[in-house]
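Single-letter residue listing:
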Amino acid sequence: SPHAASSRLKVSGMCFLLQMLIIILFAVFVRYSPNGSPGLCSPRLNCSSRRNPGPGSSYLRSWNVHLQILMGFGFLMVFLGRYRIESAATCLLVTAFAIQWALLIQGFFYSFQNGKIYMETQSMVSAVFCAGAVLVSTGAVLGWGNPLQLLLMSLLEVPLFSANEYVLLHLIGVSDGGGSLTVHTFGAYFGLALSWILRQYHVGKREQQQDTGHSPDVLAAVGTVCLWIFWPSFVSAAMVPASVEPWTELNMYVAMAASTLATFVMAPLLHKDGTPCMCQVQDATVAGAVMMGMAGEMLLAPFGALVAGFLAGLIPPLSSRFFAPTLLHKLSIQDARSVHGVHGVPGILGTLLGVLLAVLATADAYGDRLQLAFPHVADGSRTATYQALCQLCALPVTLLFAVLGGSVTGEL
Amino acid sequence: SPHAASSRLKVSGMCFLLQMLIIILFAVFVRYSPNGSPGLCSPRLNCSSRRNPGPGSSYLRSWNVHLQILMGFGFLMVFLGRYRIESAATCLLVTAFAIQWALLIQGFFYSFQNGKIYMETQSMVSAVFCAGAVLVSTGAVLGWGNPLQLLLMSLLEVPLFSANEYVLLHLIGVSDGGGSLTVHTFGAYFGLALSWILRQYHVGKREQQQDTGHSPDVLAAVGTVCLWIFWPSFVSAAMVPASVEPWTELNMYVAMAASTLATFVMAPLLHKDGTPCMCQVQDATVAGAVMMGMAGEMLLAPFGALVAGFLAGLIPPLSSRFFAPTLLHKLSIQDARSVHGVHGVPGILGTLLGVLLAVLATADAYGDRLQLAFPHVADGSRTATYQALCQLCALPVTLLFAVLGGSVTGEL
Amino acid sequence: SPHAASSRLKVSGMCFLLQMLIIILFAVFVRYSPNGSPGLCSPRLNCSSRRNPGPGSSYLRSWNVHLQILMGFGFLMVFLGRYRIESAATCLLVTAFAIQWALLIQGFFYSFQNGKIYMETQSMVSAVFCAGAVLVSTGAVLGWGNPLQLLLMSLLEVPLFSANEYVLLHLIGVSDGGGSLTVHTFGAYFGLALSWILRQYHVGKREQQQDTGHSPDVLAAVGTVCLWIFWPSFVSAAMVPASVEPWTELNMYVAMAASTLATFVMAPLLHKDGTPCMCQVQDATVAGAVMMGMAGEMLLAPFGALVAGFLAGLIPPLSSRFFAPTLLHKLSIQDARSVHGVHGVPGILGTLLGVLLAVLATADAYGDRLQLAFPHVADGSRTATYQALCQLCALPVTLLFAVLGGSVTGEL
């Protein structure tokens, strides 16, 4: 039809314009960081402890970043595994644009000096986190948005994500290395708010185009494999300096194992048809990993991670049974990839768990790790209770950024 | 049907009880190993040579374990690639439970001090080896076992695996870094014995539920990819200290390449229908890697690995053509995933190859590597012949553990 | 049919003979390189800067090569993701044979000492590059070649590849770390010339056997994932010493992101049916990475990589629309996997970009990196213009090797 043809030409033109815009901005502003320069760095990446790993450091640092990027793209591909194969190409488009755009925007926030952005490999790691949040939002919009709207969404979500991250990590001083709050909660509620607004404009339209089916099991299986292989190493590598035991990583593995069992506990209670499919197992495993995002570096014993992971694994089946129909009928939000149950609620619960652990934090229990988990408490500038209050305040701030941002994006 | 519904509720309750049990045991016994503590360690992991890698060690050690776990989960996913997609969720359940349970049981064996198990990243690597053996057994039982029986199997197999491993590596002093004997032979014959007992109880029942088809080619292709990418690095990283040339890894790659050619030699001779499918290629490649498990660190020239890999690649097609019907009709063993040909026989042959190489071991030929391949011979406490005898004795011990264990499990 | 049966038996016998030949040659010539020996090394691998990474080096070196091989096999699997699942087993056979054969042939070129080839892990990395070129050629021949012909092709292509690589890197002194010219251009035109000759002998025959369909989207998705995860790290790790910022890797990521957008620009203009499929996205991403093969280490600002990647992404859709029909009707070349558009043209353009950058190279702009990108210019033995001329001369040399070699192979 002529309408579909013109819509495809619009996508083509939009891609062309955006790519030209980015090339010009890169040509004017972006240069590679010179060899050996100290550089600037996002607070997420814990650069100070990274920068001086002792002898042989330049050699090591290089492998370090090779591997972080390797694992970072594995982390992105987990999200890809959650979509149907028909949407996978569109998701790759959104990822490719969001990474380029995030390199620019986050460069202005963190590494803008003398009129130039000095890009280095850490910039790529930050951009991968940002692209992760955009992919979470994509999951909520997929029923409604065409590629054009998804590109517009990325165009607005990347600066808002960066602003929220800047406020949380730089101004409020929140510890959220794994992105429970900054990546998953933000991405989920941004997407849900956007989906709510879009739905109001399109009532009755495009019902038949909704991409609401499950991803095929083969892709879900590959996605789950990538999740187990890459996610814990990536998230903990981004925040844990290498001189301490990698408890963050172990917490995450243990939580993911417990959430897998939780799926098999819930599935027969809620559904009449046999064992859970791979996509349900994948949802639960992602929920377990999201829950550990903030608390992963704070938990001091593995049974805490087991309990938290088990609870997180219960959420996606409960949410898709009880919350999703409410969302659909009361608020008219079509949550095609159940991002509310998989990223939204576990992200909020992970934040609350982080607040609880911050209240309980004492120098005795944490020892050297206090510096890592709560740097402001370790250097004496804050009490543990005050730090907990900061962590708690970050939740409404993020929700406000996400819901307002999503709504405004939908109105445009 | 009400029977199926009650069986599903039993799985749900069983998962819940096991997870609660593990959480309580973790809460009582398991703590993370404090930073910088020397820790205890399974003899498989060659900790002494690991622990002191020279300057910059704490930094390196961390990346080391990040990567070992990354590759370890790749190793597990090879097994996943051998199952049909319908069984993949069940296999993940078994994996998730076996890892948690192995962390506990192996903790009691190797790192129990002052009433606490001190868990560290090496514990996770050991648990991944153990989960590998459980997945091999799962392949033999898949036609007969429902998830309930597979969970019960894991509950009993993990302690037996750990006991057998303790006897072999600690008491007899066998060199088996890649697990030809401890992982693959044990897992295969445990599963086959269990399958034999279960079959006797279920004669005539559930014929139609057998998961005996081939895995789809896409999953087999992804599994083979994971095999090439992750297995050799993981297995050799677990045993070879980093200061020597990684011959173990090269032996494994070369053996896998030769076993791939062997499949194409055998397939047209045994079957009338054209080229082998991906699943046959995958079976042969796994057999080549299993064969190299024990001998990989002992072979001093690549042509030995080529010959061994080529022979290993001939076994799975021969086994599925000649042994499998015998097993089925004489012993009533239904070997759904041909674990006998892929893990059992190559594991035994790999052990015999290891015995042969131990007989031939001389300090002249091995040089520095003697310490690595046969530490007891290198420090003078054993002659090469005595070491070979120990390696040989380990075979009946493992078979006894496996067959008795599997039979007892089946009777319960 | 008896003809098909005899053809399958020929494949079986050929595999057996080749494997026996390789085992005998390995037994006579190949030994592992002793621990700590300096060894010989292909110029591709930048060994001198590799060898002395400072303190803790032996420990590091080992992880280094573990990882390079890990990523190298990921790189190979990208090619696998481009084939249909029916051909995947055949492609694995070709890979397994090419790796063994390349270990021998390249051993004779680079590490032949005192009548023995001393093999080490770097040899495996070189062999992986060579197997990559063979897989590119396989893509061009897949419609015509049976496994027998593909094995014969590998038998002849591996020595020709090694000879061309030796001439380019050793004699002419070309900088081509990522293999734009040596791997992709050589592989593409070797395969196309072979396909042209084979077509002449088989006119009218086997039309129905052509494997010309697209690979299924699931495999294309997995291939694209492997591409993003493994390719840039592998290629840049092979050439960049670790003490400099990994700009090569960043150039490649940025180029791949831009080429993804380019696909979405072109697809609606050329085709009437909606968004591009995963296989088109994968083709464009590969083209972007091929384009960066030579220029990746020479580009000093990311916008250059954006522009080059965007242009590379335009080539595969244009080629499959305009060049492929011409190739088919005028030259009777059936390019089943569009290697001309994906590897051939982007490889040539990448080389021309490398020539342009070599002309512009000045010590001021490059600083320390001049030693890396253009070692002969840095040590004063060549001017930048002369180096550019050398880079340019390498293009007709490679095309000559490829086209002549492919034609001769086809005539045999």
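Per chain, residue numbering runs from 1 following the sequence as it is written. Here every chain gets a letter starting at A, and every ligand a number starting at 1, in the order they are written. For a predicted model such as this one, the threshold for reporting local features is a pLDDT of at least 70, and the threshold for listing and counting side-chain atom pairs is 80 or more; totals across whole chains, interfaces and linings nevertheless cover every residue. Working from all heavy atoms in the structure, the side-chain values ignore hydrogens and water.

By the naming in an unreviewed UniProt entry, chain A is RHBGB protein, taken from Nothoprocta ornata. As recorded by UniProt, the Sequence similarities (unreviewed entry) comment attached to chain A reads in full: "Belongs to the ammonium transporter (TC 2.A.49) family. Rh subfamily." UniProt positions are given in the numbering used here, feature names are shortened, and annotations may be inferred rather than shown by experiment. Under Subcellular location (unreviewed entry), UniProt gives the following word-for-word description of chain A: "Cell membrane".

Glancing now at the overall build of chain A. Only DSSP runs of H or I reaching four residues or more are called helices, and only runs of E reaching two or more are called strands; each is numbered from the N terminus. A count of helices and strands for chain A gives 16 helices and 3 strands. A simple rule labels every residue: compare its accessible area, found with a 1.4 Å probe on the protein chains alone, to the largest value its type can have, and call it buried under 20%, exposed over 50%, or partly exposed in between. Burial statistics for chain A: of 412 residues in total, 67% are counted as buried. Long-range contacts, defined here as pairs at least 24 residues apart, represent 84% of the contacts in chain A between residues at least 6 apart. As displayed, chain A has an accessible area near 12800 Å², and 66% of this comes from carbon and sulfur atoms. Any pair of residues with heavy atoms lying within 4.5 Å of one another is described as a contacting pair. What sets the accessible areas is the Shrake-Rupley method with a 1.4 Å probe; for residues, cover comes only from the shown protein chains.

This next bit is on the nonpolar core. As used in this record, nonpolar core signifies buried Ala, Val, Leu, Ile, Met, Phe, Trp, Tyr and Cys residues forming a set joined through side-chain atoms within 4.5 Å. Counting 368 residues, the largest nonpolar core has A:Phe374, B:Phe374 and C:Phe374 as its most contacted members. Counting residues in hydrophobic clusters, the runner-up holds 12 residues, among them A:Ile229, B:Val225, C:Val225 and C:Cys226.

Right, let's talk about helix α7 (residues 180-201) of chain A for a bit. Quick reminder: α-helices carry 3.6 residues per turn. Residues three or four places apart thus point the same way. Residues and elements named next belong to chain A. Along its 22 residues, α7 runs 31 Å from first to last C-alpha, staying within 8% of the 32 Å computed at 1.5 Å per residue. Along α7, the largest kink reaches about 25° and is centred on Phe186. In terms of burial, α7 is largely enclosed, as 19 of its 22 residues are buried. What a helix is expected to span follows from its residue count: subtract one and scale by 1.5 Å. We define the bend at any residue as the angle between the axes fitted to the seven residues before and including it, ending there, and the seven starting there.

With that settled, consider the sheet that holds strand β2 (residues 112-113) of chain C. Residue and element names in this part refer to chain C. Strands are labelled as partners when DSSP assigns at least two bridges between them. Taken together, 3 strands build an open sheet; the order of strands is β1-β3-β2 and the sheet is mixed. If you trace the sheet from one side to the other, it starts and ends with β1 (30-32) and β2, each paired once. When β2 meets strand β3 (residues 116-119), the two strands line up antiparallel, connected through 2 bridges. When the bridges of β3 are listed, Phe112 appears paired with Ile117.

Residue and element names in this part refer to chain C. Running from N to C, helix α6 (residues 147-172) and helix α16 (residues 384-411) cross one another at 165°; their axes reach a closest spacing of 10 Å. Here α6 is positioned roughly antiparallel relative to α16, judged by the angle of their axes. For the element pair α6 and α16, the recorded crossing hand is right-handed. Two secondary-structure elements touch here, α6 through Met153, Leu156, Leu160, Ala163, Asn164, Val167, Leu168 and Ile172 and α16 through Cys390, Ala394, Val397, Thr398, Phe401, Gly405 and Thr409. Nonpolar residues are Ala, Val, Leu, Ile, Met, Phe, Trp, Tyr, Cys and Pro. Charged residues are Asp, Glu, Lys and Arg, and all others, Gly as well, are polar. Here the residues of the contact of α6 with α16 sort into 11 nonpolar, 4 polar and no charged. Note on definitions: angles span 0 to 180 degrees between N-to-C directions of axes, and those axes are lines fitted to C-alpha atoms, for helices only across the stretch in contact. Under this scheme an angle from 65 to 115 degrees is roughly perpendicular, one under 35 degrees roughly parallel, and one over 145 degrees roughly antiparallel; angles in between are oblique. Should the near helix be turned counterclockwise from the far one by less than a right angle, the crossing is left-handed, whereas a clockwise turn marks it as right-handed.

All names here are of chain B. The geometry of helix α7 (residues 180-201) relative to helix α10 (residues 278-295) is characterised by a closest axis approach of 8 Å and an angle of 140° between their N-to-C directions. One way to sum up the angle between α7 and α10 is to call them oblique. Contacts from Ser180, Leu181 and His184 of α7 reach α10 at Val290, Met291, Met292, Gly293 and Met294. The residue makeup of the contact of α7 with α10, split by class, is 5 nonpolar, 3 polar and no charged.

As for its position among the elements, B:Ser123 is in helix α5 (residues 121-141). Setting aside residues no more than four positions away along its own chain, B:Ser123 makes contact with B:Leu103 and B:Tyr118.

In this analysis, rings of Phe, Tyr and Trp, with Trp reduced to its six-membered ring, are considered paired at centre separations within 6.5 Å, and the interplanar angle assigns stacked below 30 degrees, edge-to-face beyond 60, and tilted for intermediate values. Per the counting criterion, the structure on display carries 36 aromatic pairs over all chains. An angle of 15° between the planes, with centres 5.2 Å apart, marks the rings of B:Trp247 and C:Tyr32 as stacked. With B:Trp247 in helix α9 (residues 247-270) and C:Tyr32 in strand β1, this pair bridges two chains. Of the residues examined, C:Tyr32 reaches a relative accessible area of 4% and is grouped as buried. Through successive ring pairs, a cluster of aromatic residues spans A:Phe29, A:Phe108 and A:Phe112.

All right, on to unusual backbone geometry then. With glycine set apart, most residues show a phi of negative sign, and most peptide bonds adopt trans. Residue and element names in this part refer to chain A. In this model, Asn114 sits at a positive phi of 50°, which is unusual for a non-glycine residue. Among the structural elements, Asn114 can be located in the loop between β2 (112-113) and β3 (116-119). Exposure remark for Asn114: the relative accessible area of 76% places this residue in the exposed category.

Looking now at the sheet that holds strand β2 (residues 112-113) of chain B. Strand pairing in a sheet is mediated by backbone hydrogen bonds. Such pairs are either parallel or antiparallel. Residues and elements named next belong to chain B. Strands sit in the order β1-β3-β2 across an open sheet of 3 strands; the sheet is mixed. Of all the strands in the sheet, the pair left with one neighbour each is β1 (30-32) and β2. Across 3 bridges, the pairing between β1 and strand β3 (residues 116-119) is parallel. Considered in β3, the bridge of Tyr32 is made with Met119. Strands β1, β2 and β3 of the sheet are contacted by helix α1 (residues 2-29), whose axis makes an angle of about 60° with β1.

Only one face of β3(A) is buried: it carries A:Ile117 and A:Met119, and the other face, with A:Lys116 and A:Tyr118, is open. In this structure, the hairpin formed by β2(A) and β3(A) is closed by a connection of 2 residues, where A:Asn114 is found at a positive phi of approximately 50°.

Take a nonpolar patch on the surface next. Residue and element names in this part refer to chain C. A cluster of nonpolar residues, Leu349, Leu352, Tyr386, Leu389 and Leu392, forms a patch on the protein surface that exposes about 430 Å² of accessible area. Broken down by element, the nonpolar patch gets its largest block of residues, 3 residues, from α16. Of note, Leu389 is situated in helix α16. Patches draw on residues past 30% relative accessible area with no salt bridge. Two like charges within 9 Å are joined, as are two nonpolar side chains (Val, Leu, Ile, Met, Phe, Trp, Tyr) within 5 Å. By definition, a salt bridge exists where a carboxyl oxygen of Asp or Glu is found within 4 Å of a side-chain nitrogen of Lys or Arg.

Along its 29 residues, helix α11 (residues 302-330) of chain B runs 40 Å from first to last C-alpha, staying within 8% of the 42 Å computed at 1.5 Å per residue. At the C-terminal side of α11(B), B:Ser332 shows a positive phi close to 55°.

Its location among the elements puts B:Phe264 in helix α9. According to the relative accessible area criterion, B:Phe264 is buried, its value standing at 2%. When the C-alpha atoms of B:Phe264 and B:Ala88 are compared, they prove to be 28 Å apart, with 176 residues separating the residues in sequence. In this structure B:Phe264 touches B:Pro276, B:Val281, C:Ser12, C:Cys15, C:Ala89, C:Thr90 and C:Leu93, once residues within four positions along its chain are discounted.

A separate point is the state of the cysteines. Cysteine sulfurs are considered disulfide-paired once they come within 2.5 Å of each other. Counted by the stated rule, this structure contains 0 disulfides over all chains. There is no disulfide at A:Cys393, and the cysteine sulfur nearest it, in A:Cys390, is 6.5 Å away.

Our next topic: the confidence of the model for chain A. Residues and elements named next belong to chain A. Here chain A averages 81 in pLDDT, while 80% of its residues score no lower than 70. Segment residues 37-43: pLDDT under 50, and 15 contacts once partners within four positions in sequence are set aside and those in other chains are kept. Each residue gets a pLDDT score, which is the predictor's confidence in that residue and runs from 0 to 100. Across residues 206-212 the pLDDT falls below 50, and counting only partners more than four positions away or on other chains, this stretch makes 18 contacts in the model. Overall fold confidence for the complex sits at a pTM of 0.87, while the interface term, ipTM, reaches 0.85.

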